[in-house]
Every structure is written in C-alpha cells, then in structure tokens.
Amino acid sequence: MAHQINGIALPNEDGFFGQYGGQFIPPDLKQAMDDINVAYEHIRHTAEFQNELSDLFAHYVGRPSPLFYAKRLTNQLGGAQIYLKREDLNHTGAHKINHCLGEALLAKYMGKTKVIAETGAGQHGVALATACALVGIPCEIHMGQVDIEKEHPNVVKMKILGATLISVTRGTATLKDAVDSAFEEYLKDPQNYIYAIGSVVGPHPFPMMVRDFQAIIGDEIKVQTNERFGANPDYVVACVGGGSNALGAFTAFLNDEDVKLVGVEPAGHGLDTHMHSATLTLGKPSHIHGMACYVLEDEQGEPLPVHSIASGLDYPGVGPQHSLLKDLGRVEYSTATDQECLDAFMILSRVEGIVPALESAHAVAWALREAPKMAKEIKIVVNVSGRGDKDADYVAAKLGLN
Ligand SMILES: *Cc1c(COP(=O)(O)O)cnc(C)c1O
C-alpha cells in the first residue's frame, strides 16, 4: 500500500499530507483525536481487528465486489475498454459501508458509548446505522429538517436500524447545520462519544483512517485486472466529493506511474456559474472542518454555497490527500456537469442494465467523453461507487418518465 509519494509521507506524524491536513481544532478536541489515533495505530496492527474486518468484508458486505467488463458500452463508444468496479453491489449499496464498519469496530474497541454523525442525503447515516446495529453500539444521526423531508426512504431506514435521528431546524436546516449540531453533541463528551466522519476529510487521523478502510477497493482492482488481463489498468477513474471512494480506488496504484488516475468533480450547471462543487478545479488552499485543503470560498474566507445534482458530491472542501495529489500532478482532476451526469446515468442503465448513483455517474460521464478518443487496447476501470435506487424517482421526474 502506498503511504508515501515522492518521499512525502501520506500523512506524516502530525497528520499532514505536504501542507494539507493536520488538526486545526480546539485543544480538548485535539486530545480526543489523538486518543483515536493511538487506538487506531494499535488495532490496525492486530490480527484480531484485521481478521474481524476482513471477515465482515467477505461475508457481510459481499467483497470482493465484481469487476465487470462493460462490453456493449465499450463497443458503442468504439474506443478504450471500460471495466466497472461494482461497489454498488455492496450491502447497503455503496462504498460507504467499508469505512463505517471500520469506524464502528474502532468505536467498540475504544469502549465508546455513542457514535455520532451528520448526514446530508442520508447515505452516510444509513451505512453508519447499519454498521452500528451490527456491532451493537448506539448511533445518533443529525440531519437537517429540509433533508429529512426530501430523503424519506433513508430516514425510515435509519430508524428501522435503531439509530436515533436528530432533526436540525436551525439555519437553512441542511447539511452544514447538521454538521454544527452533531459537533456540539460530540463536544459534550468527546471521551465517551466518537464522531464518525463520512469521507477522507476532517482532522487527523480521519483522512488517513477512512482512506485505509477504503483501500480495499484498489487492492481488489489490482488483483482482478492482473487476473483478467495480466496487467494493471491504464486508467482508474472515480468521482470526488470528499474523496473517499476515489482514494480507495487509487491508493493501490499511487506508485505505479503507468496507471493514470482521474478524479471527477461535479461541474453542476457549469464551471462559469456559481452552481458547481469543483473544489480542486476552482478552489484554493485554505481551511475547513479542522483541516487544511482546497476550499471553494469567498473573499472573506467563508465557504461558498455549492451545488451538484448528486447530493453526495456537494461539499466546498475536499480531502487533504487529494489536495496534495493535485499539486504533485499525480492525479488528474476533471469535471462533469449535471447534464453529462444525467446522460451517463441513463446510458449505463440502458446499455448495461446497471443503474448507477448520480455521484458515480460523474465518473461514468468522464469515460463516455474520453474513451472514444482512445485506442482499443486501452483499459479504463470506472469505480461505480454506489447504486442509483435512491436517485430513481428524482431522475424519472426530471426526465418526465413517470
Ligand atoms: C457519499 C457518496 C459519494 C461521495 O463521497 P466520496 O467520499 O467522495 O467518495 C460518492 N458516491 C456515492 C455512491 C456516495 O454515497
């Protein structure tokens, strides 16, 4: 596993990836984060933890997830071969279960009495509530009232799974307010509670820890492509919100210079509008949520309102490791618009019978755009981070299908 690049640690002892990452948090929170780091550094090297996690990956999540050759799509595009890494087939329907299981096991090991998190569309909330039910630890999810009304199926699922749902009505009653509310609850007792972050973001050690739990994706891709065609793929492509499914897919290949890595950000209504969430493409180095990273912010240093058709991608920050990989030029960060994403959603559904999450459809959109320009022997692996059941009603209404 690649934990350094060009001699730069990923991360160093203080949690920095080059100039990004770190812990920009109050002192009492720093103690709590350091305790989590010590506990994680301990258990990650124990056979008991590794065996428990691999057993759950195999028999609970259903790993390894298949690598599928999209033959009809490839033939239609007439260029590079397209392979799909099927994270959409995981239990709960996305890659998020990979790190939620890791976080829930860590919480149990540390004797925490409550796992706290925020959720926007409810995907992180459902995956975490699932992992907490399995591990047997109380779970409290904070969600904006506006999102609660929009995301009814996920709200009900969290309740069925036994999570306590806190409805947040302050401010705009959306994701940012849910983060503030969950954080306040966590600060009441950081010794006994744990805040389970939903991507490779936040203060150290979360960007490292979540990446480690997700790295199974790329490890499997490497084995699967080498079994299938005796070589690494030429490209690995993934969508980037906070960046966890992308780092999961990229990590095994970071030091394989022949493998091109592409992260696809949401261009929303277009990069020349304010309605996008292309943080690495148009943001600048700054701070948000306890870390240094690229941020989309205004002149006063306030995070800008962001937009994507995929609610899992609209975040004004991005993982610190991605910020470094951009500066180093190791990963190419590209974008896809809402319209390209919708087209990709329908094309993959109709040509391969696979309905992708709108988030994942951004990575598919990149392949649809670029594969036709490439030679037929080139092989692209697209990470299908999740399934599109959650988006079906929205897309059907948008396209007038119902
Ligand atoms: C949450 C989510 C994402 C975005 O999160 P990353 O941390 O950028 O991976 C992408 N795809 C799906 C299906 C998601 O649920």
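Residues numbered from 1 in each chain as written. Predicted model: local features only at pLDDT ≥ 70, side-chain atom pairs only at ≥ 80, totals over all residues. Heavy atoms only, no water.

**Student:** Can you break down the domain arrangement of the chain residue by residue, with the values?
**Tutor:** Domain annotation for the chain reports domain 1 (17–56 + 96–211) and domain 2 (62–93 + 215–399). Summarising the inter-unit geometry, the C-alpha centres of domain 1 and domain 2 are found 23 Å apart. When domain 1 packs against domain 2, close to 2,200 Å² is buried across both sides, 62% of that on carbon and sulfur atoms. Where domain 1 packs against domain 2, one counts zero salt bridges. Across the domain 1-domain 2 interface, the total number found is nine residue pairs in polar contact (both at pLDDT 80 or more). (Domains from an automatic or database assignment. Buried area = accessible area lost by both parts, 1.4 Å probe. Salt bridge = Lys/Arg side-chain N within 4 Å of Asp/Glu carboxyl O. Polar contact = N/O pair within 3.5 Å; in protein donor to acceptor, adjacent residues only side chain to side chain.)

**Student:** Pulling in residues and values, what's your account of the packing of aromatic side chains?
**Tutor:** Throughout the structure, instances matching the rule amount to ten aromatic pairs. Ring centres of Tyr83 and Phe229 lie 5.2 Å apart, and the angle between their planes is 55°; on these two criteria the pair is classed as tilted. In this pair, Tyr83 is assigned in strand E6 (residues 81–86) and Phe229 in helix H10 (residues 216–229), connecting sequence segments 146 residues apart. A network of ring pairs unites the aromatic residues Tyr40, Phe49 and Phe213 as a single cluster. For the cation-ring pair, Lys114 lies above Tyr193, with the distance from its terminal atom to the ring centre recorded as 4.4 Å. One cation-aromatic arrangement involves Lys379 over Phe229; the distance from NZ or CZ to the ring centre is 4.9 Å. (Phe/Tyr/Trp six-rings, centres within 6.5 Å; stacked < 30°, edge-to-face > 60°. Helix = DSSP H or I, 4+ residues; strand = E, 2+ residues; numbered from the N terminus. Lys NZ or Arg CZ within 6 Å of the ring centre and 35° of its normal.)

**Student:** Report on helix H8 (residues 175–187), specifying residues and quantitative values.
**Tutor:** Between its first and last C-alpha atoms H8 spans 18 Å; for 13 residues at 1.5 Å apiece the expected length is 18 Å, and the two agree. Close packing links the buried residues of H8 with helix H1 (27–43), strand E7 (114–118), strand E8 (139–144), strand E9 (164–168) and strand E10 (193–195). (Expected span 1.5 Å × (residues − 1). Contact = heavy atoms within 4.5 Å.)

**Student:** Run through the sheet that holds E7, naming residues and quoting values.
**Tutor:** Strand order in the open sheet formed by four strands is E9-E8-E7-E10, with parallel pairing between adjacent strands. The open sheet terminates on both sides in strands that have one partner only, identified here as E9 and E10. Averaged over all pairs of adjacent strands, the angle between their axes in this sheet comes to 25°, without regard to strand direction. Strand direction decides the pairing type here: E7 and E8, joined by four bridges, are parallel. Bridge pairing in E8 links Ala117 to Ile141. On the sheet, H8 packs against E7, E8, E9 and E10 and is oriented at approximately 160° with respect to E7. (Pairing = 2+ DSSP bridges. Axes fitted to C-alpha atoms, helices over the stretch in contact; angles between N-to-C directions.)

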